[in-house]
Amino acid sequence: MPEITSPYTTGTPCWVDLMAKNQQNAIDFYSDLLGWQGRPGPGDSGGYAICELLGKPVAGIGAAPADQPEVPNVWTTYFAATDAPAMQDTIVGAGGSLVAPVMDVGDLGRMLVAADPQGAVFGVWQAGEFAGARLVNEAGALIWNELHTADVPTAAAFYGEAFGMNFEPVEGVEAYWEIKVAGKTVGGATQLRNDPPGTPAHWLTYFAVDDVDSTADALIRRDGTVLAPPFDMVAGRMTVVADPEGAQFALIKPPSR
């Protein structure tokens, strides 16, 4: 079922968010493109917007700190954890580095932001009153999280130690790995050499859509950029794009079941 009603298992992607230089413009862009509803939150939450689809949380959009203009606009993948402080220690012990140490987010939960040994940034979310995305694998919602890394064995060792993830080669697909947690596929990994030269290691967020081509056309009309024109592949039809501020993400329509 696309609706999530039970807690996320540790190591499972449970949320994605974007810190935009112009938060309202970003909310408007994604609302128009993917059908979200959202608005800046109260001041005590830093104005963070929890965007919804069909009345259920699907992603967050915050305002990037004005005093940190060098921070790139990126979609951040958050992995579920039951003990954020302990996970922070585990991440550092496994060779990762902290970007933002554990902090409380009111009664909603606790979070941290870190980077793996090759620099791919990710978040950790310990649920309180807020568990994360409640709708996934539905048009307009999160459907896939993919690691792009230069050294897959090193990445597999790190995420295995930190989150209990297993990287398994996908049969019949060159240089692609399924990422599993407790036997369940939760994401994928690919080699960074397939990205444009100079691209840093990163996690790429995929949103599902009903029609990749028309959504890409709509994105262009809203001042977004198509980085990889729509193409067919084993998991469906997809495209890699960027929003008007340059935050990259992918759009995909899985094959009809």
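Before reading on, note that the structure itself is shown above.
Residues numbered from 1 in each chain as written. Predicted model: local features only at pLDDT ≥ 70, side-chain atom pairs only at ≥ 80, totals over all residues. Heavy atoms only, no water.

(A) Main features of the overall build of the protein chain. Broken down by element type, the protein chain carries 4 helices and 15 strands. Computed over the C-alpha atoms, the radius of gyration of the protein chain is 17 Å, within 12% of the 18 Å expected from 2.2 N^0.38 for a compact globule of 257 residues. Expressed along its principal axes, the backbone C-alpha trace of the protein chain runs to roughly 50 × 45 × 40 Å. Expressed as a percentage of the 257 residues in the protein chain, the buried residues total 48%. Partitioning the contacts of the protein chain with sequence separation of at least 6, the portion at a separation of at least 24 is 57%. (Helix = DSSP H or I, 4+ residues; strand = E, 2+ residues; numbered from the N terminus. Rg over C-alpha atoms; globule rule 2.2 N^0.38 Å. Buried < 20%, exposed > 50% of the residue type's maximum accessible area, 1.4 Å probe, protein only. Contact = heavy atoms within 4.5 Å.)

(B) Region of interest: the packing of aromatic side chains. Following the criterion strictly, the structure yields 21 aromatic pairs and no others. Ring centres of Trp36 and Trp75 lie 6.1 Å apart, and the angle between their planes is 85°; this geometry places the pair in the edge-to-face category. On the criterion of sequence distance, the pair formed by Trp36 in the loop between α1 (23-34) and β2 (49-53) and Trp75 in strand β4 (residues 75-81) is long-range, its members being 39 residues apart. The pair Trp36 / Trp75 is uniform in exposure class, with both members buried. These aromatic residues form a ring-pair network of at least three members: Phe79, Phe122, Phe158, Tyr159, Phe163, Phe167 and Trp203. (Phe/Tyr/Trp six-rings, centres within 6.5 Å; stacked < 30°, edge-to-face > 60°.)

(C) Quick look at the pairing of strand β10 (residues 176-181). Burial within β10 is extensive, with 5 of its 6 residues counted as buried. Of the pairings in the sheet, the one linking strand β9 (residues 165-169) to β10 comprises 5 bridges and is antiparallel in character. Counterpart to Phe167 in the pairing with β10 is Ile179. Here β9 folds back onto β10, and the loop between the two strands holds 6 residues, one of which, Gly172, carries a positive phi near 85°. Note: β10 against strand β11 (residues 184-191), 6 bridges, orientation antiparallel. Note that in β11 the partner of Tyr176 across the bridge is Thr190. Linking β10 to β11, which pair antiparallel, is a turn of 2 residues; within it Ala182 sits at a positive phi near 55°. (Pairing = 2+ DSSP bridges.)

(D) Representation of the pairing of strand β15 (residues 248-253) within the structure. Bridge analysis of strand β12 (residues 202-208) against β15 gives 3 bridges, and the strand direction is parallel. Residue pairing for β15: Phe207 is matched across the bridge by Leu251. Pairing analysis gives 6 bridges linking strand β14 (residues 236-242) to β15, with the strands arranged antiparallel. Along β15, the bridge assignment pairs Val241 with Phe249.

(E) Molecular detail of the side chain of Gln23. Of note, Gln23 is situated in helix α1. Owing to a relative accessible area of 11%, Gln23 belongs among the buried residues under this scheme. For Gln23, the residues in contact, after removing those within four places along its chain, are Pro40, Gly47, Tyr48, Ala49, Ile61, Gly62 and Ala63.

(F) Focus on the nonpolar core. Ranked by internal contacts, the top residues of the largest apolar core, which has 29 residues, are Tyr30, Leu34, Trp36, Ile61, Trp75, Phe207 and Phe249. Taken together, the elements giving at least two residues each to this core come down to β1 (13-20), α1, β2, β3 (56-63), α4 (212-221) and β15. One finds Ala120, Val124, Ala155 and Trp203 within the second-largest nonpolar core, a separate group that totals 28 residues. (Core = buried A, V, L, I, M, F, W, Y, C linked by side-chain atoms within 4.5 Å.)

(G) Main features of a negative patch on the surface. Together, Glu138, Asp210, Asp211 and Asp217 line one region of the surface with negative charge. Inspection of the secondary structure assignment puts Asp210 in the loop between β12 and α4. Given the relative accessible area of 59%, Asp210 is considered exposed. (Patch = residues over 30% accessible without salt bridge, like charges linked within 9 Å, V, L, I, M, F, W, Y side chains within 5 Å. Areas by Shrake-Rupley, 256 points an atom, 1.4 Å probe, with all protein chains shown as cover. Salt bridge = Lys/Arg side-chain N within 4 Å of Asp/Glu carboxyl O. Lys, Arg positive; Asp, Glu negative; His and termini not counted. Charge placed at Lys NZ, Arg CZ, Asp CG, Glu CD.)

(H) The arrangement of the sheet that holds β3 in detail. The strand order β2-β3-β1-β4-β7-β6-β5 describes an open sheet built from 7 strands, whose pairing is mixed. The sheet terminates laterally at β2 and β5 (97-105), the two strands that pair on one side only. In this sheet, adjacent strand axes meet at a mean angle of 25° when their direction is disregarded. Sheet topology places β1 next to β4; 5 bridges connect them, and they run antiparallel. Within β4, the residue paired with Trp15 across the bridge is Tyr78. Packing of α1 onto the sheet brings it into contact with β1, β2, β3 and β4, and relative to β3 it is tilted by some 150°. (Axes fitted to C-alpha atoms, helices over the stretch in contact; angles between N-to-C directions.)

Shape is all these values report; function is a separate question.
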